[in-house]
Amino acid sequence: MKVCVIGGAGYIGSHAVLELVKDGHDVVVIDNLSTGTMDAVDEKARFYLGDITDEIKLREIFTEETKLGHFDAVMHFAAKIVVPESVSHPLEYYHNNVEGVRIMLKTMVNQGIKNVIFSSTAAVYGDVKKDVCTEEDELKPINPYGESKLASERMIHWVAQAYDMNYCIFRYFNVAGAHESLKIGLKRDNLTHIIPITVQTALKLRDSMVVFGDDYLTPDGTCIRDYIHVADLAFAHVLGMKYIVNGNKSATINLGSSTGYSVKQVIDEVSLHLPVNFSIGPRRPGDPAKLIASSDRAKELLGWIPKRTLKDIILTDLNFRRKHEIR
Ligand code: UFG
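Every value quoted in this text rests on a predicted model; they were computed, and no experiment measured them. (Residues numbered from 1 in each chain as written. Predicted model: local features only at pLDDT ≥ 70, side-chain atom pairs only at ≥ 80, totals over all residues. Heavy atoms only, no water.)

A. Inspection of the sheet that holds strand S14 (residues 290-291) at higher detail. If you walk across this open sheet you meet the three strands as S12-S9-S14, and the pairing is mixed. Each edge of the open sheet carries a strand with a single partner, namely strand S12 (261-262) and S14. Summarising the sheet, strand S9 (residues 224-225) and S12 pair through two bridges and their orientation is antiparallel. The residue bridging arginine 225 from the neighbouring strand is tyrosine 261, located in S12. (Pairing = 2+ DSSP bridges. Helix = DSSP H or I, 4+ residues; strand = E, 2+ residues; numbered from the N terminus.)

B. Examining the packing of aromatic side chains more closely. Evaluated as defined, the whole model comprises three aromatic pairs. Ring centres of tyrosine 125 and phenylalanine 173 lie 6.3 Å apart, and the angle between their planes is 35°; on these two criteria the pair is classed as tilted. Taken together, the residues tyrosine 125 in the loop between strand S5 (115-121) and helix H5 (144-163) and phenylalanine 173 in the loop between strand S6 (166-172) and strand S7 (174-176) connect sequence positions 48 residues apart. By relative accessible area, which is 3% here, tyrosine 125 ends up buried. (Phe/Tyr/Trp six-rings, centres within 6.5 Å; stacked < 30°, edge-to-face > 60°. Buried < 20%, exposed > 50% of the residue type's maximum accessible area, 1.4 Å probe, protein only.)

C. Examining the domain arrangement of the protein chain more closely. By the assigned domains, the protein chain splits into domain 1 (2-176 + 227-255) and domain 2 (194-226 + 258-292 + 301-324). Domain 1 and domain 2 are separated by 25 Å when their C-alpha centres are compared. The partner domain 2 presents 26 residues to the 30 residues of domain 1 that form the contact. Interface area, domain 1 with domain 2, both sides summed: about 2,500 Å², of which 66% is carbon and sulfur. The largest per-residue losses of area from domain 1 upon contact with domain 2 belong to Tyr227, His229 and Asp232, which jointly make up 32% of the total buried on that side. If you look at where domain 1 meets domain 2, you find two salt bridges. Across the pair lysine 290 and aspartate 131 runs a salt bridge, and its minimum N-O distance is 3.1 Å. If you look at where domain 1 meets domain 2, you find seven residue pairs in polar contact (both at pLDDT 80 or more). Elements with a minimum of two residues in the side of domain 1 that touches domain 2: helix H3 (83-88), S7, strand S10 (227-229), helix H7 (230-245) and strand S11 (251-255). In terms of residues, the side of domain 1 that touches domain 2 owes the most to one element, H7, which gives eight residues. Looking at side-chain class alone, the side of domain 1 that touches domain 2 contains 22 nonpolar, five polar and three charged residues. (Domains from an automatic or database assignment. Contact = heavy atoms within 4.5 Å. Buried area = accessible area lost by both parts, 1.4 Å probe. Salt bridge = Lys/Arg side-chain N within 4 Å of Asp/Glu carboxyl O. Polar contact = N/O pair within 3.5 Å; in protein donor to acceptor, adjacent residues only side chain to side chain. Nonpolar A, V, L, I, M, F, W, Y, C, P; charged D, E, K, R; others polar.)

D. Layout of the side chain of aspartate 31. Within the secondary structure, aspartate 31 sits in strand S2 (residues 26-31). Within polar-contact distance, the side chain of aspartate 31 engages the backbone nitrogen of leucine 33 at 2.7 Å.

E. Structural view of the site of the ligand. Around the ligand sit 19 residues in total, of which Thr121, Asn174, His193, Arg225 and Asp287 are the nearest. A distance of 3.4 Å separates an oxygen atom of the ligand from a polar backbone atom of isoleucine 81. Relative to its unbound accessible surface of 680 Å², the ligand loses 94% to contact with the protein. For the shell around the ligand, the element with the highest residue contribution is strand S8 (residues 209-212), accounting for three residues. Here the shell around the ligand is composed, by residue class, of 12 nonpolar, four polar and three charged. There are two domains that each give the shell around the ligand at least three residues, and those are domain 1 (2-176 + 227-255) and domain 2 (194-226 + 258-292 + 301-324). (Near = heavy atom within 4 Å. Areas by Shrake-Rupley, 256 points an atom, 1.4 Å probe, with all protein chains shown as cover.)

F. Helix H8 (residues 263-271), seen in detail. Listed in full, the buried residues belonging to H8 are Val263, Val266, Ile267, Glu269 and Val270. What you see down the axis of H8 is that its buried residues fit within an arc of 160°, all on one side. Contact partners of the buried residues in H8: helix H6 (194-202), S8, S10, S12, strand S13 (278-281) and helix H10 (310-325). (Arc of directions from axis to C-beta.)

G. Just the side chain of threonine 222, in detail. Its place among the elements puts threonine 222 in the loop between S8 and S9. Threonine 222 gets classed as buried once you look at its relative accessible area, which sits at 0%. A polar side-chain atom of threonine 222 sits 3.3 Å from the main-chain amide nitrogen of lysine 264. Setting aside anything within four residues of it in sequence, one finds threonine 222 in contact with Val211, Gly213, Asp214, Ser262, Val263 and Lys264.

Rendered as structure tokens:
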């Protein structure tokens, strides 16, 4: 199949590109390189520099590529994803994440491309009170990031209905880890996610780290999340694409492991390798206490089961940072 991966030079997008190439697909990457890097893009993919909010550029690239062959599907990874940043800069999130999706869909409609695979997030569920989230649960985001993804999900639904398109929307839980080759992983200045921060602290790339709140209603008082290895997550996209291109009904699917770990448990796991210097600080705005996926639908519709555990996530991230960040 011929696939366009928008945001294919970023952390998750570049893993998806790798899985697509490995599965024998013809891959075109569009990325503005705001957080992604050229060296993360597999050499078998064709790369175009472009921003998803640049309608003229997007049309140009699609028109040029369509001359070589029609696209079977478009995958979207070109989003801003940092919860606290979305709280302080909501307009940037609405512009990039919602307007970007509108322009992508408009381009797809104009080109007659029928299948879209979209990266959404567990943040659409908001402050969940249940033990695990199913896709049918109430959608009540508590931060602009989650709102921007929910608005995009709804836009995709209505556009697909109006123009006879198919979609596979994936709601990611906490994605982490690096590729086993150690060539790609989460490389970025100003990292905010718990696993890279804990690993960097263990590697003495940071003096210490702060646990944002230990007074949540969880067994040890710190927030619980469902961590999923990026390579497992990326592989689900290949399955999702085949699922809709082969004529199955559009679907919205959680991608998580169905298991939750607290912030303290993450620190304990990293501490098995190296000591971690941390202190307890105040809660961070926009953080729900607990987010765990029900992954039954992914298994039922796609036959997808994550292969890697929190141990694998931490070990690959640790080895990736040892290789790329220690000079
Ligand atoms: N945390 C700390 N200290 C840090 C960083 C994070 O205690 O230095 C805590 C946070 O407060 C939170 C937990 O670790 O309780 C996880 O935080 P992350 O920033 O790693 O991830 P989030 O859960 O905020 O968000 C991530 C993705 C979202 C996605 C969400 C779904 O960034 O895109 O997971 O669960 F929606």
